[in-house]
Amino acid sequence: MTRGLLIALWGWLLVWSVLSRRLDLLLRGVFHGLVGVSGVALIVVGIAVMTRNIKQREPVPWPWLAGGLMAILVLLLPPNPSFSDLAATRPQGLPEPLELAFVLPPEQRTLTEWVRLLRSQPDPDLVDGNPVNISGFVLKLGESPAQIARLTVRCCLADATPAGLPVAWPKDMEPKVNQWLAIEGRMRVESRDGQRVAVVVPETIQPIERPLRPLEP
Amino acid sequence: MNRLATTWALFQGLLLEALPFLLLGIAIAGLARWLVPQRLWIDRLPRHPVLAPIIGALMGFALPACECGNVPVARRLLANGAPLGTAFGFLFAAPVLNPIVLASTWAAFPNQPWLLICRPLGAFLIAIMLSALLVQLPEAQVLESALLAERRMNQPLSNLSLLKRGTGVIGEPLPETTTAKTERLGFKQVLDQSSREFLDLLALLLLGCLIAALVQTWLPRSWLLQVGNAPTLSILALMLLAIVVSVCSSVDAFLALGFAAQVTPGALLAFLLLGPVVDLKLAGLFTVLFRPKAIAMTAIAASFGVLLIGQWVNLLQL
């Protein structure tokens with residue numbers, strides 16, 4: 001009986017993670033279906049085990065109980081990672097783009113597409129004056145100026161990699177680390193540390209809620 | 001506080017990603033038990049010291065799962081009396097030698113054909129080497145005690161004495177699950193065994209995910225990648241990264257893509273070879289198969305083998 005209950009509990013955890021959109025914060029979209037199907041399968045197995053052993057009392061090993069307790073904790077305590085902390089422990093190494101974002105109008109490019117474009121095409125003058133319409137969180141690494149950034153994942157949060165763009169912040173604004181912002185503006189080429197780089201010059205900056213799908217592929 | 005919240009989120013990410021693959025492995029092991037009478041196919045597996053691990057390694061093509069899913073299948077093979085070489089060959093090679101992992105490696109590195117050849121070949125060599133090493137030891141020094149007892153129950157009396165089995169006049173009665181070896185197990189029995197196995201392995205997976213999340217949050221990954229261009233150091237750094245990150249072999253190629261440009265080719269290959277055999281998440285799961293000494297031997301030998309292969313690749317490519 002207890003064994004079936006524990007298995008069903010784990011199944012419910014997986015199903016709930018999909019229904020509550022918690023997975024949007026943890027895993028890449030391609031895995032969500034697999035998690036949901038696994039959850040349903042575990043619930044079915046759990047019910048089958050319960051109905052077959054309904055009157056049977058069996059000893060429950062403590063690791064099973066500890067696992068059940070952990071499942072309850074995971075259900076009760078949703079993930080709330082600090083994107084800046086995650087980014088701080090990772091190198092900024094995006095994969096080569098599968099296709100260049102030049103085909104998209106500049107104002108439709110996401111922050112990650114901008115970063116990929118600028119890394120694949122290092123001449124910043126090509127994008128000078130382009131309109132920018134992006135959203136991301138404020139990332140500050142060490143002593144370097146704050147950037148606007150996103151995390152990209154290939155699998156789960158464990159392999160999240162930051163992609164950031166430099167921003168010419170207005171003088172009267174002190175960007176708060178981890179705050180999510182929507183920025184409209186233009187690209188401008190500036191010289192920073194002796195290098196010519198494309199910098200986002202904001203025309204409007206709007207604080208926003210963290211998006212439902214904050215991770216990008 | 002922020003960092004603890006990040007650790008908790010990383011733990012959930014690793015767990016929810018790995019759990020379906022663990023379930024898949026247990027489902028495949030359970031189905032095999034239910035559909036195929038155990039002795040019929042296990043008796044047909046070769047016992048030749050060279051052929052056994054080769055056949056085991058190639059069995060991965062029938063199981064498209066990562067390393068988490070492989071552990072329950074390998075355990076079932078060992079418990080049912082399969083030759084050690086076959087089970088070890090399967091355990092160590094199948095996380096790479098399977099269609100999904102090869103396809104994901106090709107998708108991540110379509111312009112690096114050498115990697116598509118060297119990864120499966122390297123995984124194959126490592127598996128053969130580890131199998132050859134572990135079969136030199138007596139079973140009692142390699143296999144975890146409960147698994148060893150179950151395995152001995154399933155061996156023919158011509159191979160093993162009653163004393164070693166621990167059954168008969170002086171021992172314990174045979175458990176219900178290990179009787180009729182040439183008959184199909186009932187669905188109820190398979191459900192019973194598989195559900196217990198799931199909860200046992202899940203507890204160990206939780207421990208592995210927790211350790212991996214803690215290490216990942218508190219150890220800056222950039223430290224490991226700073227040595228990217230030094231041939232030997234870059235291999236060692238990426239081996240350490242593979243152990244720490246603990247992502248499944250079915251997706252690790254996409255992760256490797258993120259730093260492929262910053263490290264030597266040998267280091268890249270080392271990351272893709274070592275992770276499926278040794279990582280923090282697996283450390284817990286391996287305790288249902290091996291004694292601590294055998295786990296340590298596996299980790300050391302695999303690391304040494306991967307380092308050699310990585311050096312060899314760097315010599316040819318650099």
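Up top is the structure these notes are about.
## Some words on the environment of B:Phe61
All names here are of chain B. By the secondary structure assignment, Phe61 is in the loop between helix 3 (51-58) and helix 4 (67-79). Exposure remark for Phe61: the 12 C-beta atoms within 10 Å place this residue in the exposed category. Sequence spacing of Phe61 and Asn98 is 37 residues, and the spatial spacing of their C-alpha atoms is 4.5 Å. Phe61 has contacts with Leu97, Asn98 and Pro99, leaving out every residue within four places of it along the chain.

## Things to note about the nonpolar core
B:Leu238 and B:Leu274 are the most contacted members of the largest nonpolar core, which has 150 residues in total. Examining the composition of this core, we find that 15 residues originate from one element, helix 1 (residues 2-35) of chain B, more than from any other. Counting residues domain by domain, this core receives three or more from each of domain 1 (2-80) and domain 2 (85-216) of chain A. Other than its neighbours up to four places away in sequence, B:Leu274 contacts B:Met239, B:Ala242, B:Ile243, B:Ala302, B:Ser303 and B:Val306.

## So, the interface of chain B and chain A
Counting residues at the interface gives 38 residues for chain B, matched by 45 residues for chain A. Mapped by element, the contributors of at least two residues to the side of chain B that touches chain A are helix 1, helix 11 (187-218), helix 12 (221-225) and helix 14 (252-257) of chain B. For the side of chain B that touches chain A, the element with the most residues is helix 1 of chain B, which contributes 15 residues. Class assignment for the residues of the side of chain B that touches chain A results in 24 nonpolar, 10 polar and four charged.

What counts, and where the lines are drawn
- Numbers given to residues run from 1 along each chain, matching the order in which its sequence is written.
- All chains are assigned letters beginning with A, and all ligands numbers beginning with 1, in the order in which they are written.
- Note on the predicted model: pLDDT of at least 70 is required for a residue's local features to be given, and 80 or more for side-chain atom pairs to be given and counted; whole-chain, interface and lining totals, by contrast, use all residues.
- A run of H or I in DSSP becomes a helix once it reaches four residues, and a run of E becomes a strand once it reaches two; helices and strands are each numbered from the N terminus.
- Backbone-placed C-beta atoms define the burial measure: a residue is buried with 20 or more other C-beta atoms within 10 Å of its own, exposed with 12 or fewer, and partly exposed in between.
- Contact criterion: two residues are in contact if their C-beta atoms, reconstructed from the backbone, are within 7 Å.
- Residues enter a nonpolar core if they are buried, belong to Ala, Val, Leu, Ile, Met, Phe, Trp, Tyr or Cys, and are joined to the set through C-beta atoms within 7 Å.
- Each domain span listed reflects an automatic or database assignment of domains.
- In this count, Pro and Cys sit with the nonpolar residues alongside Ala, Val, Leu, Ile, Met, Phe, Trp and Tyr, while Asp, Glu, Lys and Arg are called charged and the others, Gly among them, polar.

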